[in-house]
Amino acid sequence: MCATCGCGPNSHHHDHSHDHTHESSPGKKVVDVEQDILQENNLLAQRNRGFFEGRNILAINLVSSPGSGKTSLLERTLTDLKGELSFAVIEGDQQTANDADRIHATGTKVTQINTGKGCHLDAHMVLHAVQGMKLQADSVLFIENVGNLVCPAMFDLGEQERVVVISVTEGEDKPIKYPDMFHSSTLCVINKTDLLPYVKFNVEKAKEYARKVNPQLEIIELSCTSGEGMNLWYEWLKSKVLQPV
Amino acid sequence: MHELSIVMSIVELASAQASRHDASVIEEIELDIGCLSGIEMESFDFAWKQAVKRTILENARRTVNRIEGRALCLDCNTDFTMEHLYDGCPNCGSHLSQIRSGKELKLRSLVLPD
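Note that the structure is a prediction, hence the values are computed from the model and not measured. (Residues numbered from 1 in each chain as written. Chains lettered and ligands numbered in written order. Predicted model: local features only at pLDDT ≥ 70, side-chain atom pairs only at ≥ 80, totals over all residues. Heavy atoms only, no water.)

Participant: Describe the pattern of salt bridges, and please don't skip the residues or the numbers.
Facilitator: Using the criterion set out here, one finds 22 salt bridges over all chains in the structure. Here Glu28 of chain B ties to Lys28 of chain A by a salt bridge, and the two come within 3.9 Å at their closest N and O atoms. Here Glu28 of chain B is found in strand E1 (residues 28-34), whereas its partner Lys28 of chain A is found in strand E2 (residues 28-36) on a different chain. Since its relative accessible area comes to 22%, Glu28 of chain B is described here as partly exposed. Between Glu204 of chain A and Lys207 of chain A there is a salt bridge, with the nearest N and O atoms lying 3.7 Å from each other. On the criterion of helical spacing, the pair formed by Glu204 of chain A and Lys207 of chain A is a turn pair, its members being three residues apart in helix H7 (residues 203-213). Here Glu204 of chain A falls in the exposed class, since its relative accessible area comes to 53%. (Salt bridge = Lys/Arg side-chain N within 4 Å of Asp/Glu carboxyl O. Helix = DSSP H or I, 4+ residues; strand = E, 2+ residues; numbered from the N terminus. Buried < 20%, exposed > 50% of the residue type's maximum accessible area, 1.4 Å probe, protein only.)

What follows is the structure in structure tokens.
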């Protein structure tokens, strides 16, 4: 059995609320439960958040469709900012350690989570990944979620910032097609801007849609390939690191 | 298909409640699922059929209360129905709003044999 969260080979329960029962009809008992269905995930997420805050670790949950360039953004960032900030990465994919291998090649500490059939990371998976990582204080932890613009939206991992990545090879209406993800994110990165001359993507329209869903969303346009706009992303990242917790 | 994880969480929560009350079967279950909660009801129904098999919820009668999305416009204070997260205020058009209901995802109650 896991000493931290109590999970064992069988499923586990973290419910400690007080319920109320009353008779409805003879032979039946009504139990008023009034529990949030995501409460177990949310409790573990808060636990992760406390762990990160106590060590001044900036945890960033990176979400996008498959192929928007999350791993490429990380590769470039980890290489460019090496020596300035200390990083660790958790990679989430259904299968393979390919992304972890790419991150490892940059010399960064990385753990791969394979979710199997699971379509998103949850706080429990992150808790266990973090247990095995010996994270440094005053560092940045990138959590690259499973490539999926729908399912990861509902699951708080305990991150401070949620960054949604879209690329110009996708439709500019992604934000209104998949509003939950944009609604819950703090920053939107529009990637692959070097390809704008070759595709129909309307950047202004995409930004307008994103702001309809989330008026507070910050937006940065960049290209991991040409390097254009990367300085804005680095400034954003450093501004978050410097924030006192 | 995060609906499957959601249904599995419901099974866990409900089973824990039932065992606390020494019940071996759940007759009825009542859920609140808000219209802005990110749950697709067709996927939820599909996941439900699969995930409750051979559990304490297998034969439970399920009631789902769909809670309407409502938001308060932070610019003009209008309280309005929000069908989609990108809906603006019908009065002033602003998108700066606070969601007041519709995000619910809750296990309300169970009916157990006495």
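Participant: With reference to specific residues and values, describe the sheet that holds E1 of chain B.
Facilitator: Overall, mixed pairing links the five strands, which are arranged E1(A)-E2(A)-E6(B)-E1(B)-E2(B) in an open sheet. Each having just a single partner strand, strand E1 (20-23) of chain A together with strand E2 (61-67) of chain B make up the two edges of the open sheet. Between one strand axis and the next, the sheet turns by 20° as a mean value, whatever way the strands run. In terms of strand pairing, E1 of chain A meets E2 of chain A through four bridges, oriented antiparallel. Note on E2 of chain A: the bridge partner recorded for His22 of chain A is Val30 of chain A. (Pairing = 2+ DSSP bridges. Axes fitted to C-alpha atoms, helices over the stretch in contact; angles between N-to-C directions.)

Participant: Before we move on, can you summarise helix H1 (residues 39-54) of chain A with the specific residues and values?
Facilitator: For H1 of chain A, built from 16 residues, the straight-helix expectation of 22 Å at 1.5 Å per residue is met to within 8% by its first-to-last C-alpha distance of 22 Å. Gln39, Asn41, Leu44, Ala45, Asn48, Arg49 and Phe52 of chain A are the residues of H1 of chain A that are buried. Buried residues along H1 of chain A sit against E2, strand E3 (58-64), helix H4 (123-131) and strand E6 (140-144) of chain A together with helix H1 (3-20) of chain B. Looking one or two residues beyond H1 of chain A, the residue adopting positive phi is Asn56 of chain A, at roughly 50°. (Expected span 1.5 Å × (residues − 1). Contact = heavy atoms within 4.5 Å.)

Participant: Now, about the interface of chain A and chain B: what can you tell me, with residues and values included?
Facilitator: Listed per partner, the contact involves 37 residues of chain A and 35 residues of chain B. Of the roughly 3200 Å² buried between chain A and chain B, counting both surfaces, carbon and sulfur atoms make up 57%. The three residues of chain A that bury the most area against chain B are Lys29, Ile37 and Met154 of chain A, which together make up 22% of that side's buried surface. Taken together, the connections running from chain A to chain B amount to four salt bridges. For Glu27 of chain B, the salt bridge is made with Lys28 of chain A, and the minimal N-O distance between the two is 3.5 Å. (Buried area = accessible area lost by both parts, 1.4 Å probe.)

Participant: Which residues make up the state of the cysteines, and what values do they have?
Facilitator: All told, the structure shown has zero disulfides over all chains when counted by the stated rule. Summary of cysteine pairing: Cys224 of chain A is not part of a disulfide, and the nearest cysteine sulfur, belonging to Cys188 of chain A, is at 13 Å. No disulfide involves Cys76 of chain B; its sulfur sits 3.7 Å from that of Cys89 of chain B, the nearest cysteine. (Disulfide = S-S within 2.5 Å.)

Participant: So what about the sheet that holds strand E5 (residues 97-101) of chain B? Which residues, and what values?
Facilitator: Residue and element names in this part refer to chain B. Strand order in the open sheet made by the three strands is E4-E3-E5, with antiparallel pairing throughout. Because the sheet does not close on itself, it has two edges, and the strands there are strand E4 (79-81) and E5. In this sheet, neighbouring strand axes are inclined to one another by 35° on average, regardless of whether the strands run parallel or antiparallel. Here four bridges tie strand E3 (residues 70-73) to E5, and the two strands are oriented antiparallel to one another. Within the sheet, the bridge partner assigned to Arg70 lies in E5 and is Ser101.

Participant: Got a sec to walk through the pairing of E2 of chain B? Specific residues and values, please.
Facilitator: Residue and element names in this part refer to chain B. Alignment of E1 against E2, held across seven bridges, turns out to be parallel. In the strand pairing of E2, Leu31 is matched with Val64. For the crossover that starts at E1, traverses helix H2 (residues 41-51) and ends in the parallel E2, the hand is right-handed. (Right-handed = clockwise from strand over helix to strand, strands pointing away.)

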